[in-house]
Amino acid sequence: MKPNSFRSGPDERGHFGPYGGRYVAETLMPLILSVEEAWETAKNDSSFWAQFDELARDYIGRPSPLYFAKETTKHLGGAKVYFKRDELNHTGAHKINHCLGQILLALRMGKTRIIAETGAGQHGVATATVCALFKIPCTIFMGATDIERQKPNVFRMKLLGAEVRAVTSGAGTLKDAMNEALRDWVANVRDTYYLIGTVAGPHPYPAMVRDFQSVIGKELREQMTAREGRLPDTLVACIGGGSNAMGLFHPFLDDPGVNLIGVEAGGHGVDTDQHAASLSGGKPGILHGMQSYFLQDEDGQIQEAHSISAGLDYPGIGPEHAWLFDQKRVEYVSVTDDEALEAFQLCTRLEGIIPALEPSHAFAHVMKHAPTLSADHILVMNLCGRGDKDIFTVAEKLGVTL
Amino acid sequence: MSRIERTFKSLKRPALITFITAGDPDYETSLAALKILPGAGADIVELGMPFTDPAADGPVIQRAGQRALAAGGCMKQTLSMVREFRKDNGETPLVLMGYANPVLAYGPERFCQDAAESGVDGLIIVDLPPEEADLLAAYAKAAGLDIIRLVTPVTDEARLEKILEGASGFLYYVSITGVTGTAQADPAALKAHIERIRARTDLPVVVGFGIRTPQDVAAMGEIADGVVVGSAIVENFETMKDRESVLAAIRDQIAALA
């Protein structure tokens, strides 16, 4: 049955259809419930949003520009392509949006220590940044593999005063960092707030992070209406956990004329065992506090994801995406490492913008899709992060020694 | 009367509950260890279902799960281990402990039926709080499996009521805020918590997490109806030279704890 609205979820138990929920150890439940209570109060408090809006404007630099990518449009020869420039935010990605919101919530809750997981390091840097601003000690859990491939961000976090804790369990990537952050939280429930970096985890995190990230889609509605006098036709965003995509899509879910496309990381291809496309290649499961789609074997053992992009290298996806996938409201596709690498270079040369490897996945899909569309079709891609952090990875892939 | 109920009723002392992970470090050794536990002094056996991402476990039990998975451990194998154990033990309660995803992948209804048929008495699913109990509750009840719930140092009165609603078999009091095999609880603080729980329920209350030595067991045993020892036993498999020596070590260790 088609729901009346795609924007009304989750229900009071934190479920989006069968997905979401609160699958956590009993020790965490009282804390999860108090986060939910604090969030319910804060989101109906205009003084909370006044504080958020002021810092979003003056500290993050919002609204992020809507940029007509003329060169891309000309080169691809189809749809009119715009970029939503969230890579111009302070710290260089969209992650700062939900970090700002969550640090304000943690302060309201009287928490005195912050923990977070990070993959690409963008969420870790954004967390360390707001913790520096508000003088709260923070510990960032990061997979040992990711520490190796994201050295600039590790150094940034340390400069900002964060403790970066290397996680060696599993493959040493984002999934393992999240396990370790949860273990730390269980041991420090009384003083610590877990600042989750995507629209995942137990309720209320998926909905809360979405609400903070929805600033992206809300701005876009206004900007596009002012620029073109109408809504866009297609929105494209990359998906790891799915925070930038959820923030872009959510304000448009009930506009049936707006096509929404999420781009998963196809690694070496979704037909191989080396990818991170949880929707295309996974099935429903329970991990990290939520029911959603996960890469797993027949026995329910979680499989390692693979992506050239550390930020997409996660074997799951936020529960609202899982639901939107089942409802077919959002189309989910995937692109490979090689396609993303090519897109990274093309965007850089065409527009003079070095995108992160994460939105390079989105751009790779735009490269395929835009040429099939007419010139009056408006397509917006979320350029959710800048690529400075990725130049070492890209150089290595291209065989260049720095 | 269930095996669990009978055990607590008949014991005149606190129950010793031992934990090992199914299939750690391999099926044969793990089965042999499971079989000797009751004779060595275990009153109830807890068997861990291996999972790749045990977010409530400390390093020792994490590694146990990894060893088991590396050796081919899976839910089918865990249940077959239970059936083998039941061939010559019809008395000792056996409780499966683990995480929700392997249960979901197996199919919650089929899992409860197969577990009960194999000889399992109760389930502890660490990441299935009362809020998400629907996933399993009806099937477990139909199969006659106890759902063993966890109570923690941060459980308040209202929460305790909610936890007790669907609890059966016994209550598992997590003595510390932390993961398995790490910190140790203060017996004095523990006593107050356990008394608070006892005021609300007739279910036996057992204490686990961070309990290692005969002294720990004795101290906790004065307060609770049972004591769980996990990581300290599992550690034997970390340094295992051969099967016979590890079984002997476990037998001696449990005899000293009992």
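Provided above is the structure to which this section pertains.
Let me begin by describing the structure that accompanies this report. (Residues numbered from 1 in each chain as written. Chains lettered and ligands numbered in written order. Predicted model: local features only at pLDDT ≥ 70, side-chain atom pairs only at ≥ 80, totals over all residues. Heavy atoms only, no water.)

Of regular secondary structure, chain B possesses 12 helices and nine strands. What you see for chain B is a C-alpha radius of gyration of 17 Å, in line with the 18 Å of a compact globule of 258 residues. Dimensions along the principal axes, computed over C-alpha positions, put chain B at roughly 45 × 40 × 35 Å. Looking at chain B as a whole, 63% of its 258 residues are labelled buried. A fraction of 73% describes how many contacts in chain B between residues 6 or more apart in sequence connect residues 24 or more apart. Summed over its atoms, the accessible surface of chain B is roughly 9600 Å², and 51% of this surface lies on carbon and sulfur atoms. (Helix = DSSP H or I, 4+ residues; strand = E, 2+ residues; numbered from the N terminus. Rg over C-alpha atoms; globule rule 2.2 N^0.38 Å. Buried < 20%, exposed > 50% of the residue type's maximum accessible area, 1.4 Å probe, protein only. Contact = heavy atoms within 4.5 Å. Areas by Shrake-Rupley, 256 points an atom, 1.4 Å probe, with all protein chains shown as cover.)

This model, assessed by the stated rule, comprises 46 salt bridges over all chains. For Arg 183 of chain A, the salt bridge identified is with Glu 180 of chain A, shortest N-O distance 2.7 Å. With a gap of three residues between them, Arg 183 of chain A and Glu 180 of chain A both fall in helix α8 (residues 174–187), about one helical turn apart. You can call Arg 183 of chain A buried: its relative accessible area is 6%. Relative accessible area serves as the criterion here: at 24%, Glu 180 of chain A is assigned to the partly exposed category. Here Glu 131 of chain B and Arg 159 of chain B are joined by a salt bridge, their closest N and O atoms 2.7 Å apart. One end of the pair, Glu 131 of chain B, is in the loop between β4 (122–125) and α7 (137–143); the other, Arg 159 of chain B, is in helix α8 (residues 157–165), with 28 residues separating them in the sequence. One salt-bridge network, in which partners are shared between bridges, spans Arg 62, Lys 84, Asp 86 and Glu 219 of chain A. (Salt bridge = Lys/Arg side-chain N within 4 Å of Asp/Glu carboxyl O.)

Residues and elements named next belong to chain A. Overall, the coordinates contain 22 aromatic pairs over all chains when judged by the stated rule. Between Phe 68 and Tyr 82, the ring centres sit 5.4 Å apart and the planes meet at 50°, which makes this aromatic pair tilted. One end of the pair, Phe 68, is in strand β3 (residues 66–68); the other, Tyr 82, is in strand β4 (residues 80–84), and 14 residues separate them in sequence. Ring pairing ties together the aromatic residues Trp 39, Phe 48, Trp 49, Phe 52 and Phe 212, which thus form one cluster. Of note, Lys 80 hangs over the ring of Phe 68, and the distance from its end group to the ring centre comes to 5.4 Å. (Phe/Tyr/Trp six-rings, centres within 6.5 Å; stacked < 30°, edge-to-face > 60°. Lys NZ or Arg CZ within 6 Å of the ring centre and 35° of its normal.)

With that settled, consider the interface of chain A and chain B. Taken together, the contacts link 33 residues of chain A with 39 residues of chain B. For the pair chain A and chain B, the summed buried surface comes to about 2800 Å²; carbon and sulfur atoms form 52% of the total. A per-residue breakdown of the area chain A buries against chain B is headed by Glu 26, Arg 183 and Ile 286 of chain A, which together make up 24% of the total. The interface formed by chain A and chain B holds three salt bridges in total. Run the count over chain A and chain B and you get 17 residue pairs in polar contact (both at pLDDT 80 or more). Breaking the side of chain A that touches chain B down by element, the ones donating at least two residues are β2 (19–23), α1 (29–43), α8 and β11 (283–287) of chain A. For the side of chain A that touches chain B, the element with the most residues is α8 of chain A, which contributes six residues. (Buried area = accessible area lost by both parts, 1.4 Å probe. Polar contact = N/O pair within 3.5 Å; in protein donor to acceptor, adjacent residues only side chain to side chain.)

Bringing the packing of α1 of chain A against helix α9 (residues 205–213) of chain A into the picture now. Residue and element names in this part refer to chain A. At a minimum axis separation of 11 Å, α1 and α9 run at an interaxial angle of 30°. Accordingly, the angle class assigned to the pair α1 and α9 is roughly parallel. In terms of crossing hand, the pair formed by α1 and α9 is left-handed. Together, Val 35, Trp 39 and Lys 43 of α1 and Tyr 205, Met 208, Asp 211 and Phe 212 of α9 make up the contact between the two elements. Counted by class, the contact of α1 with α9 contains five nonpolar, no polar and two charged residues. (Axes fitted to C-alpha atoms, helices over the stretch in contact; angles between N-to-C directions. Parallel < 35°, antiparallel > 145°, perpendicular 65-115°, else oblique. Left-handed = near helix turned anticlockwise from the far one by under 90°. Nonpolar A, V, L, I, M, F, W, Y, C, P; charged D, E, K, R; others polar.)

Moving on, we come to the side chain of Asp 255 of chain A. All names here are of chain A. Turning to its location among the elements, Asp 255 is positioned in the loop between α11 (243–249) and β10 (259–265). Judged by its relative accessible area of 17%, Asp 255 is buried. Ignoring anything within four residues of it in the chain, the contact list for Asp 255 reads Arg 221, Leu 231 and Arg 329.

In regular strands, side chains alternate between the two faces of the sheet. Residues and elements named next belong to chain B. Burial within strand β3 (residues 94–98) is extensive, with five of its five residues counted as buried. The alternating pattern of β3 places Leu 94, Leu 96 and Gly 98 and Val 95 and Met 97 on opposite faces, both of which are buried. By the bridge criterion, four bridges tie strand β2 (residues 44–48) to β3 in an arrangement that is parallel. Looking at β3, one finds that Glu 46 is bridged to Val 95. (Pairing = 2+ DSSP bridges.)

Another aspect to go through is the sheet that holds strand β6 (residues 149–151) of chain B. In spatial order, the strands read β5-β4-β3-β2-β1-β9-β8-β7-β6 (chain B); together these nine strands make up an open sheet with parallel pairing. Because the sheet does not close on itself, it has two edges, and the strands there are β5 (146–147) and β6 of chain B.

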